[in-house]
Amino acid sequence: MEEPLPPPPLLPQAAPPPAPPDGAAPAVPLDGDPAAEAAAEWNIPPNAPACMERHLERAHYRADGALLLGASGLNGRCWTGSLWVFAEPRRAPSEGFCTAGVQTEAGVADVCWLADRGILVASDSGAVELWELEENESLIVSKFCKYEHDDIVTSVSVLAGSSQAVSGGRDCCVKVWDIPEQTVLHSYRAHSDAVTCVASCPGKDTVFLSCAEDNRTLLWDTRCPKPATRIVCSACNYLPTSVMWHPQKSDIFVLGDESGTVALVDTKNPDSALSAAVHTRAITGFAFSAHSSPLLASISEDCSVAVLDSDLSEVFRNHSHRDFVKGLSWSPSDDALLTTVGWDHQVLHHTVPLPAGEASGINCVKE
């Protein structure tokens, strides 16, 4: 008779987890699920991605102080993007402290608020997307995704009244959208190269601006049979990269070019533009403050943030960003607080000196 086999050797047992410190709650077992562990640690909302892409593209405050971020992943095999909302802007860009977040199928080139809960997105995929906050603003839900552009959508802007929007893309096209009907009302090909920026005019739902790499800046009025009029500004001798209307003067807009020049242009007399060499590389965005005499903030690929007064004299400069600065927004709760984001994944809050006679809000959060 064969002898019985010896019993198998005992495997080493894992050491028991250390006891929690005095007064601490015991850990809750999560069965090794990384997503569950991350959610428990960071309190990530439902459907929010576990990780935000490195390249922060845009930042916009809502009237109540909520901060919207658009991010893109511009390296690796998949160029995805994401949207994030932070009720507490100081917590950004920490994913676990967001109010809501969602992954997008492609990079986010531009993003803006539409009324209180809508989020309008310009996508690297060629789509214009509308998302909306639901479930007590803990979810960002897709409302439509329309592929009307044949290349990257570089810029979107909501027209006055919030029922229409305008988009521009690298396909040289400018399109006007009916948001409730989810359709394109007008499609124009007045530019001969990639459109870099579009900007709606405050208080006028048919008027907007566009600029492009064809070195043309166009003033649009969709009520006219020929809706586009070229604005020639001799103060800017390089390709225009960014435009924005003055919030109080419907005939004045600010223009930035790839050399870093900033110009205040009067549409009725563009040759009299006031200009200054503010940056050393391309302008990537503007934002006017809510002061009685608005300050103008500008950002650039030179990694700096500048704030100018009405004479384009510098009142503030910051060089803390370590890569292209791509988004900026003034806080609605404190006129002295300017928030900027960039490809270095930083969200910076700058306290800007106030003009004489202006008072800062009581909820100032200093950097």
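As shown above, the structure is provided for reference.
What counts, and where the lines are drawn
- Residues numbered from 1 in each chain as written.
- Predicted model: local features only at pLDDT ≥ 70, side-chain atom pairs only at ≥ 80, totals over all residues.
- Heavy atoms only, no water.
- Disulfide = S-S within 2.5 Å.
- Salt bridge = Lys/Arg side-chain N within 4 Å of Asp/Glu carboxyl O.
- Helix = DSSP H or I, 4+ residues; strand = E, 2+ residues; numbered from the N terminus.
- Buried < 20%, exposed > 50% of the residue type's maximum accessible area, 1.4 Å probe, protein only.
- Contact = heavy atoms within 4.5 Å.
- Pairing = 2+ DSSP bridges.
- Axes fitted to C-alpha atoms, helices over the stretch in contact; angles between N-to-C directions.
- 1 Å grid on protein atoms, 1.4 Å probe; cavity = no way out; pocket = protein on both sides within 12 Å on 5 of 7 lines; lining within 4 Å.
- Points joined across faces, edges and corners; volume = space filled by probe spheres on them.
- Nonpolar A, V, L, I, M, F, W, Y, C, P; charged D, E, K, R; others polar.
- Phe/Tyr/Trp six-rings, centres within 6.5 Å; stacked < 30°, edge-to-face > 60°.
- Lys NZ or Arg CZ within 6 Å of the ring centre and 35° of its normal.
- Core = buried A, V, L, I, M, F, W, Y, C linked by side-chain atoms within 4.5 Å.

A. Highlighting the state of the cysteines. Enumeration over the complete set of coordinates arrives at zero disulfides. Cys197 takes part in no disulfide bond, and the closest cysteine sulfur, belonging to Cys211, lies 5.1 Å away.

B. Summary view of the pattern of salt bridges. Counted according to the given criterion, the structure contains 11 salt bridges. For Asp110, the salt bridge identified is with Arg58, shortest N-O distance 2.9 Å. Here Asp110 is found in strand 5 (residues 108-114), whereas its partner Arg58 is found in strand 1 (residues 55-61), with 52 residues between them in sequence. The exposure class assigned to Asp110 is buried, which follows from its relative accessible area of 7%. Given a relative accessible area of 16%, Arg58 falls into the buried group. The salt bridge involving Glu213 is made with Arg170; its shortest N-O contact spans 3.5 Å. Within this pair, whereas Glu213 is found in the loop between strand 14 (204-212) and strand 15 (217-221), its partner Arg170 is found in the loop between strand 10 (164-169) and strand 11 (174-178), the two being separated by 43 residues in sequence. Of the residues examined, Glu213 reaches a relative accessible area of 30% and is grouped as partly exposed. Taken together, the shared-partner salt bridges connect Arg62, Asp64 and Glu137 into one network.

C. Examining the environment of Gly101 more closely. With respect to the helices, strands and loops of the structure, Gly101 is situated in strand 4 (residues 100-104). Residue class for Gly101 comes out buried when judged on its relative accessible area of 1%. For the pair Gly101 and Ser138, spaced 37 residues apart in the sequence, the C-alpha separation amounts to 8.0 Å. Once residues within four sequence positions are removed from consideration, Gly101 is found in contact with Pro46, Asn47, Ala48, Pro49, Leu83, Trp84 and Ile140.

D. How the structure looks around the sheet that holds strand 21 (residues 283-288). Strand order across the open sheet formed by four strands is 21-22-23-24, with antiparallel pairing between neighbours. The sheet terminates laterally at strand 21 and strand 24 (314-318), the two strands that pair on one side only. Between one strand axis and the next, the sheet turns through 15° on average, direction left out of account. Relative to strand 22 (residues 296-300), strand 21 is paired through five bridges, and the arrangement is antiparallel. By the bridge assignment, Phe286 is partnered in strand 22 with Ser298.

E. Structural detail: the layout of surface pockets. Estimates place the volume of the second largest pocket at around 190 Å³. Along the wall of the second largest pocket there are 14 residues; nearest its centre are His246, Lys249, Ile252, Leu264 and Ser310. The element that contributes the greatest number of residues to the lining of the second largest pocket is strand 19 (residues 261-266), accounting for three residues. Each residue belonging to the lining of the second largest pocket can be placed in one class, and the counts come to seven nonpolar, four polar and three charged.

F. Just the packing of aromatic side chains, in detail. Counted according to the given criterion, the structure contains five aromatic pairs. The interplanar angle of 15° and the centroid separation of 6.4 Å between the aromatic rings of Phe144 and Trp177 together place this pair among those described as stacked. In this pair, Phe144 sits in strand 8 (residues 139-146) while Trp177 sits in strand 11, placing the two residues 33 residues apart along the sequence. Ring pairs connect the aromatic residues Tyr188, Phe208 and Trp220, which therefore count as one cluster. Arg62 extends its terminal NZ or CZ atom over the ring of Trp113, reaching a point 4.9 Å from the ring centre. Looking at Arg91, its charged tip hangs above the ring of Phe97, at a distance of 4.4 Å from the centre.

G. Main features of the sheet that holds strand 19. Strand order in the open sheet formed by four strands is 17-18-19-20, with antiparallel pairing between adjacent strands. With partners counted over all chains shown, the strands left at the sheet margins are strand 17 (240-245) and strand 20 (274-277), one partner each. Strand-to-strand twist of the sheet, defined as the mean angle between neighbouring strand axes without regard to direction, takes the value 15°. Here strand 17 pairs with strand 18 (residues 252-257) via five bridges, running antiparallel. Across the sheet, residue Pro240 finds its bridge partner in strand 18, namely Asp257.

H. View of unusual backbone geometry. Here Ala92 and Pro93 are connected by a cis peptide whose omega angle stands at 5°. Within the secondary structure layout, Pro93 lies in the loop between strand 3 (81-86) and strand 4. With a phi angle near 50°, Glu135 is a residue other than glycine that sits in the positive phi range. Within the secondary structure, Glu135 is located in the loop between strand 7 (128-134) and strand 8. At Cys172, a residue that is not glycine, the phi angle is positive and equals roughly 75°. Here Cys172 shows up in the loop between strand 10 and strand 11.

I. Inspection of the nonpolar core at higher detail. Counting 16 residues, the largest nonpolar core has Cys233, Val243, Trp245, Phe253, Leu255 and Val265 as its most contacted members. Within the residue set of this core, elements represented by two or more residues are strand 13 (195-201), strand 14, strand 17, strand 18 and strand 19. Counting residues in hydrophobic clusters, the runner-up holds 15 residues, among them Tyr61, Ala92, Val341 and Val347.

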